[in-house]
Amino acid sequence: MKNIIVLMLLWIGSIDGLFGQKLTGRVTDVADYSTIVGVNVTIEGLRRGTVTDQNGIYRFDNLPEGEYEVHFSFVGMESVIKKVKIAGGAPVSLNVSMH
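About the cut-offs
- Residues numbered from 1 in each chain as written.
- Predicted model: local features only at pLDDT ≥ 70, side-chain atom pairs only at ≥ 80, totals over all residues.
- Heavy atoms only, no water.
- Helix = DSSP H or I, 4+ residues; strand = E, 2+ residues; numbered from the N terminus.
- Buried < 20%, exposed > 50% of the residue type's maximum accessible area, 1.4 Å probe, protein only.
- Contact = heavy atoms within 4.5 Å.
- Pairing = 2+ DSSP bridges.
- Axes fitted to C-alpha atoms, helices over the stretch in contact; angles between N-to-C directions.
- pLDDT = per-residue confidence, 0-100.
- Phe/Tyr/Trp six-rings, centres within 6.5 Å; stacked < 30°, edge-to-face > 60°.

### Focus on the overall build of the chain
Part 1: Each helix and strand counted, the chain has one helix and eight strands in total.
Part 2: Along the chain, helices and strands appear, N-terminal first, in the series α-β-β-β-β-β-β-β-β.
Part 3: Residues classed as buried in the chain amount to 28% of the 99 residues present.
Part 4: In the chain, of all internal contacts separated by at least 6 residues, the share reaching a separation of at least 24 is 49%.

### Quick notes on the sheet that holds strand 6 (residues 80-86)
Part 1: Taken in spatial order, the four strands of this open sheet run 3-2-5-6, and their pairing is antiparallel. Two strands in the sheet have a free side with no partner beyond their single neighbour: strand 3 (48-51) and strand 6. Looking at each pair of strands side by side, their axes are set apart by 20° on average, direction ignored.
Part 2: Across four bridges, strand 2 (residues 40-43) lies against strand 5 (residues 66-73) in antiparallel orientation. Bridged to Ile-43 within strand 5 is Val-70.

### Topic: the confidence of the model for the chain
Part 1: When the pLDDT values of the chain are averaged, the result is 87; 81% of them are 70 or greater.
Part 2: Scored below 50 in pLDDT, residues 3-17 makes two contacts in the model with residues more than four places away or belonging to other chains.

### Observations regarding the environment of Pro-64
Part 1: Looking at the element boundaries, Pro-64 is found in the loop between strand 4 (57-63) and strand 5.
Part 2: It is 6.5 Å that separates the C-alpha atoms of Pro-64 and Gln-21, two residues lying 43 residues apart in sequence.
Part 3: In this structure, Pro-64 is in contact with Leu-46 and Ile-86, ignoring residues within four places of it in sequence.

### Details of the pairing of strand 3
Two faces, one strand: in a regular strand the side chains alternate between the faces of the sheet.
Part 1: Relative to strand 3, strand 2 runs antiparallel, the two being bridged by four bridges. Note on strand 3: the bridge partner recorded for Thr-42 is Gly-49.
Part 2: The antiparallel hairpin formed by strand 2 and strand 3 contains four residues in its connecting segment, where Gly-45 sits at a positive phi of about 90°.

### What to know about the packing of aromatic side chains
Part 1: This structure, assessed with the given rule, holds two aromatic pairs.
Part 2: Aromatic pair Tyr-58 and Phe-60: ring centres 6.2 Å apart, planes at 65°, arrangement edge-to-face. Just as Tyr-58 is buried, Phe-60 falls in that class too.
Part 3: Ring geometry for Tyr-58 against Phe-72: centres 5.5 Å apart, planes inclined by 70°, an arrangement best described as edge-to-face. Here Phe-72 lies in strand 5 and Tyr-58 lies in strand 4, a separation of 14 residues in the sequence. Across this residue pair, the class does not change: Tyr-58 and Phe-72 are buried.
Part 4: An aromatic cluster is defined as three or more aromatic residues linked by ring pairs; in this entry it consists of Tyr-58, Phe-60 and Phe-72.

So, in structure tokens, the structure goes:
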């Protein structure tokens, strides 16, 4: 019975890769490398968006494979656009510095 439970947990853990990938990163100020809280982060074409947390970190889960433009914007700073490729099942990390 324990073997069945362990196998089920392993299977459930592997399902995450079937439904999409993760994109995470940290947004910092280029002047002093401090983190920026509240940066708007959107993925062009997916209608998905989030904001950075108190540590300057953002996260998207369950992204379909493909190539995307990720837009970073914050009042008083220059917007940044970065291209990213989501593929292969591994999480993708994209860190950005803003002016």
